[in-house]
Amino acid sequence: MTAELISGKEVAASTRKYIKEQVAQWKEKGVEPGLAVIIVGENPASMSYVKGKDKASKEAGIHSVLHELPDTISEKELLDVIDQYNQDNAINGILVQLPLPKQIDEKKVIEAIDPDKDVDGFHPISVGRMMTGQEAFLPCTPYGIIKMLEYKNIAIEGKHAVVIGRSNIVGKPMGQLLLNKNATVTYCHSRTVDLKSYTRQADIVIAAIGIPEFVTGDFIKDGAVVIDVGMNRKENGKLCGDVLFDDAAEKASYITPVPGGVGPMTITMLLYNTMESAIREYNRRAR
């Protein structure tokens, strides 16, 4: 068996087309979604990432503000900037690029964002709403993975999904979103004993453990769906995922590549959440 690729580029392009069309329609009603992206310091990787978000927002017709701050800024000064955007009716989504300098408590920063503008889906209130099946902004990477599975009409309900990894950004919310879609979910991680015994039972394997090419073909049962969330750089400079691609592709029915798999969906779902935030705000005001 050679697995069929799930192209994040293809799914992202389709989703962004839909977002652009929706944004154009809502602008005719006087609703223009707005996103504020705040970056502290000049980390090259973070700067490249936020500029990508800014560019993608503008391409979708979303009003975008890129707010750059020095890495010497105090925690209070950053919280004041967040509060300004909380009060700004032209801004529907606020994102603070992580990591932050040592003098700033990331937890305080995340909790300072208005949950109704938390388009990253990291606020504890957003997490609580997601856990209890309420309307919430869903974390962008796991939400993007759900969209990829749906795009390929891959059944989730009743399937056994194994999530390798338990980060707050991907692993934990990924399992919850699959559970919300009626999958049976098993969490595995670096401390799991005999990890392969779990993954070999899985219909869907989500690899988000952060170890290059950790998941080999003998982790996978025939016909399983393999989603690789990893983004690692080898000694030769090449990018790779958490899955040994060629090996796993021999067993899987569907598999995501790295790069070009899950990656493009993260920014796409940020745009989607920002659009949804603007629509929800319009509907609240219309009541």
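The structure contained in this document is the topic of the report that follows. (Residues numbered from 1 in each chain as written. Predicted model: local features only at pLDDT ≥ 70, side-chain atom pairs only at ≥ 80, totals over all residues. Heavy atoms only, no water.)

Okay, the pairing of strand S4 (residues 93–96) next. On any regular strand, side chains alternate: one points to one face of the sheet, the next to the other face. Here S4 shows a buried face lined by Gly93 and Leu95 and a second buried face lined by Ile94 and Val96. Where strand S2 (residues 34–40) lies against S4, 4 bridges are found, and the strand directions are parallel. Paired with Ala36 across the two strands is Ile94, which belongs to S4. (Buried < 20%, exposed > 50% of the residue type's maximum accessible area, 1.4 Å probe, protein only. Helix = DSSP H or I, 4+ residues; strand = E, 2+ residues; numbered from the N terminus. Pairing = 2+ DSSP bridges.)

Before going further, it helps to examine the packing of helix H6 (residues 140–151) against helix H7 (residues 171–180). Two elements in contact, H6 and H7, have axes separated by 9 Å at closest approach and are oriented at 40°. Our classification of the angle between H6 and H7 gives oblique. Between H6 and H7 lies a crossing whose hand is right-handed. Here Pro142, Tyr143, Ile145, Ile146 and Leu149 of H6 lie close against H7, whose contacting residues are Pro173, Met174, Leu177 and Leu178. Residues belonging to the contact of H6 with H7 are distributed by class as follows: 9 nonpolar, no polar and no charged. (Axes fitted to C-alpha atoms, helices over the stretch in contact; angles between N-to-C directions. Parallel < 35°, antiparallel > 145°, perpendicular 65-115°, else oblique. Left-handed = near helix turned anticlockwise from the far one by under 90°. Contact = heavy atoms within 4.5 Å. Nonpolar A, V, L, I, M, F, W, Y, C, P; charged D, E, K, R; others polar.)

Okay, the environment of Met275 next. Following the sequence through the fold, Met275 ends up in helix H10 (residues 263–286). Among the residues examined, Met275 registers a relative accessible area of 1% and is labelled buried. Placed 25 residues apart in sequence, Met275 and Glu250 show a C-alpha to C-alpha distance of 39 Å. Once residues within four sequence positions are removed from consideration, Met275 is found in contact with Tyr18, Ile19, Gln22, Val23 and Pro33.

Further remarks concern the sheet that holds strand S3 (residues 63–69). Ordered in space as S3-S2-S4, the 3 strands form an open sheet in which the pairing is parallel. A strand with exactly one partner marks an edge of an open sheet, and here the two such strands are S3 and S4. Taken over all neighbouring pairs, the strand axes of this sheet differ in orientation by 15° on average, direction set aside. Across 7 bridges, the pairing between S2 and S3 is parallel. By the bridge assignment for S3, Ala36 is matched with Val65.

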